[in-house]
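# Observations on chain architecture
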Amino acid sequence: MSVDTPDATFVRHTPTGLVLALASALSFGTSGTMARGLMDAGWSPGAAFAVRVSLAALVLAIPGLLAIRGNYRLLLTHARTIVLYGLSAVVCAQLLYFMAVQRLDVGIALLIEYTAPVAVVLWMWLAHGQRPGRFTFVGAAVAAGGLVLLLDVFGGTELDLVGVLLALGAMTGAAAYFVMSADETSGLPPLTLAAGGLVVASVTFWIVAATGLLPFTATTEDVVFSTGSVPWWVPVLVLGFVAAAIAYSTGIAAARHLGGRLASFVALTEVAAGLGFAWLLLDQVPKPLQLLGALLVLAGIVVVKLGEREVTSVGPGQDLLVEALPPEHPAHER
């Protein structure tokens, strides 16, 4: 076993991965509602993000160090991966999502963020010549039509363009989250990657906040939900422990067991959880056409993910994309 890869003997176990993925999706699903409750009570999006990642970083720091079993060289060797994960999968995905939630309903912001698989396919096509198959084109068209209904473009609702752009920015971070979480080649244990990313995100935020570029406003007023009011520290603890510490660590572990493709499928349950929490605690009830749009977005994403097995390269030889095939496929022997 290589000294740099303590997880080299890692064995995938699908049932365990499914349980972890569902736990992660339900945990992530609480974040938008908790953050919106705090923001309605006077918190800025940056403050909600800061307490979330800072608490989670404190909770996971020691477990993350213990997970590498004294092999601290891993942290130096893979510092770039940890920094990129913190900036993209945490800062970009979560801070921009909170800023979007301030302007949009939780469900709408979450569904826009979860069009990430479509963005990944498009990027792989433009940057790496991996041409999508027919299913992918159909799925992207269905998801796009669903977004039109979801945003109620023709229903007379005033569209918050800034909120939509922020949610699209969060989408790029979500794409990075799935891709980087599934990569087990670095040998970084899931807890270590999660803890490192959260520490990077926390330090980055506080440095930027100190310059005054990001407003930081927090209050001790009770947070009012449709089911009643709670002390401010209740949603703060939920954000830090449940929506970050548990969500990220179980999500990375799930991706290691299931692979990025299946993990991102199961993670779609976060959308249902997010919609449910927003409906129950914020009274954010979507219109019938918006519900139809939500279903179309989810259906389109599923079709796009199914279409990954059709992806081909437009380079010499028209080689089939080996990564989309099962491990036992002969193409892996090339």
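Computed from a predicted structure; not experimentally measured. (Residues numbered from 1 in each chain as written. Predicted model: local features only at pLDDT ≥ 70, side-chain atom pairs only at ≥ 80, totals over all residues. Heavy atoms only, no water.)

## Notes on the packing of helix 3 (residues 45-67) against helix 10 (residues 190-210)
- Packing of helix 3 against helix 10 leaves a shortest axis separation of 7 Å and a crossing angle of 140 degrees. With respect to their mutual orientation, helix 3 and helix 10 come out oblique. Between helix 3 and helix 10 lies a crossing whose hand is left-handed.
- Of the residues assigned to the contact of helix 3 with helix 10, the class counts are 18 nonpolar, five polar and no charged. (Axes fitted to C-alpha atoms, helices over the stretch in contact; angles between N-to-C directions. Helix = DSSP H or I, 4+ residues; strand = E, 2+ residues; numbered from the N terminus. Parallel < 35°, antiparallel > 145°, perpendicular 65-115°, else oblique. Left-handed = near helix turned anticlockwise from the far one by under 90°. Nonpolar A, V, L, I, M, F, W, Y, C, P; charged D, E, K, R; others polar.)

## Considering helix 6 (residues 106-113)
- Burial within helix 6 is extensive, with eight of its eight residues counted as buried.
- Listed as buried for helix 6 are Val 106, Gly 107, Ile 108, Ala 109, Leu 110, Leu 111, Ile 112 and Glu 113. (Buried < 20%, exposed > 50% of the residue type's maximum accessible area, 1.4 Å probe, protein only.)

## Description of unusual backbone geometry
- At Arg 69, a position not held by glycine, the phi torsion is positive, near 55 degrees.
- Note that Arg 69 resides in the loop between helix 3 and helix 4 (73-77).
- A positive phi angle, near 60 degrees, is found at Asp 283, a position not held by glycine.
- Along the polypeptide, Asp 283 turns up in the loop between helix 12 (269-282) and helix 13 (288-306).

## Re the packing of aromatic side chains
- For the coordinates displayed, the defined rule picks out 10 aromatic pairs.
- With centroids separated by 6.5 Å and ring planes inclined at 45 degrees, the aromatic side chains of Tyr 85 and Tyr 177 adopt a geometry described as tilted. In this pair, Tyr 85 sits in helix 5 (residues 79-101) while Tyr 177 sits in helix 9 (residues 161-181), placing the two residues 92 residues apart along the sequence.
- Tyr 85 sits in the buried class, given a relative accessible area of 0%.
- Connected via pairs of aromatic rings, a cluster forms that spans Phe 28, Tyr 85, Tyr 177 and Tyr 248. (Phe/Tyr/Trp six-rings, centres within 6.5 Å; stacked < 30°, edge-to-face > 60°.)

## Digging into helix 5
- In a regular helix each residue adds 1.5 Å, so 23 residues correspond to 33 Å; helix 5 covers 31 Å between its end C-alpha atoms and thus fits that length.
- For helix 5, the principal kink sits at Val 91 and spans about 35 degrees. (Expected span 1.5 Å × (residues − 1). Bend = angle between axes of the 7 residues up to and from the residue.)

## Looking at a nonpolar patch on the surface
- Among the surface-exposed residues, Val 59, Trp 232, Trp 233, Leu 237 and Phe 241 lie close enough to one another that they form a single nonpolar patch of about 430 Å² accessible area.
- Among the elements that take part in the nonpolar patch, helix 11 (residues 233-266) stands out by supplying three residues, more than any other.
- Inspection of the secondary structure assignment puts Trp 232 in the loop between strand 3 (228-230) and helix 11.
- The class for Trp 232 is partly exposed, based on a relative accessible area of 30%. (Patch = residues over 30% accessible without salt bridge, like charges linked within 9 Å, V, L, I, M, F, W, Y side chains within 5 Å. Areas by Shrake-Rupley, 256 points an atom, 1.4 Å probe, with all protein chains shown as cover. Salt bridge = Lys/Arg side-chain N within 4 Å of Asp/Glu carboxyl O.)

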